[in-house]
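Structural overview for review
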Amino acid sequence: MIQRDLGHASPVTNAETYIYVFRKMDKEAVRASAALLLSHAKTHMSLEGASQA
């Protein structure tokens with residue numbers, strides 16, 4: 001059904017398209033998670049430094 005609805009010539013085209021999209025989503029999720037963890041670590045370190053001063 002997906003192949004027909006999207007007008008792809010074969011199921012392989014569908015698979016290749018979704019593999020590309022899912023890999024891109026995975027990379028974006030990893031980047032966002034890393035940025036969040038880094039931000040949290042910086043905030044935590046900043047608060048620790050302020051409490052020791």
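Everything below is about the structure shown above.
A brief report on the enclosed structure follows. The shown structure was predicted, so the numbers you read here are calculated from the model rather than taken from an experiment.

1. Structural notes on the overall build of the protein
Looking only at helices and strands, the protein features two helices and zero strands. Against the globule reference of 10 Å for 53 residues, the protein gives a C-alpha radius of gyration of 21 Å, more extended than a compact globule. With the principal axes as the frame, the protein shows a C-alpha extent of 65 × 15 × 10 Å. Taking all 53 residues of the protein together, the buried fraction comes to 2%. Surface exposure of the protein reaches about 4,900 Å², of which carbon and sulfur atoms provide 65%. Across the protein, 6 positive and 5 negative side-chain charges occur, with their mean positions spaced 5 Å apart.

2. Things to note about a nonpolar patch on the surface
Nonpolar side chains collect at one region of the surface, where L6, Y18, Y20, V21, F22 and M25 lie side by side and expose about 610 Å² of accessible area between them. Ranked by residues supplied to the nonpolar patch, first place goes to helix α2 (residues 11–52) with five residues. Mapped onto the fold, Y20 is located in helix α2. By relative accessible area, which is 56% here, Y20 ends up exposed.

Cut-offs applied
- Residues numbered from 1 in each chain as written.
- Predicted model: local features only at pLDDT ≥ 70, side-chain atom pairs only at ≥ 80, totals over all residues.
- Heavy atoms only, no water.
- Helix = DSSP H or I, 4+ residues; strand = E, 2+ residues; numbered from the N terminus.
- Rg over C-alpha atoms; globule rule 2.2 N^0.38 Å.
- Buried < 20%, exposed > 50% of the residue type's maximum accessible area, 1.4 Å probe, protein only.
- Areas by Shrake-Rupley, 256 points an atom, 1.4 Å probe, with all protein chains shown as cover.
- Lys, Arg positive; Asp, Glu negative; His and termini not counted.
- Charge placed at Lys NZ, Arg CZ, Asp CG, Glu CD.
- Patch = residues over 30% accessible without salt bridge, like charges linked within 9 Å, V, L, I, M, F, W, Y side chains within 5 Å.
- Salt bridge = Lys/Arg side-chain N within 4 Å of Asp/Glu carboxyl O.

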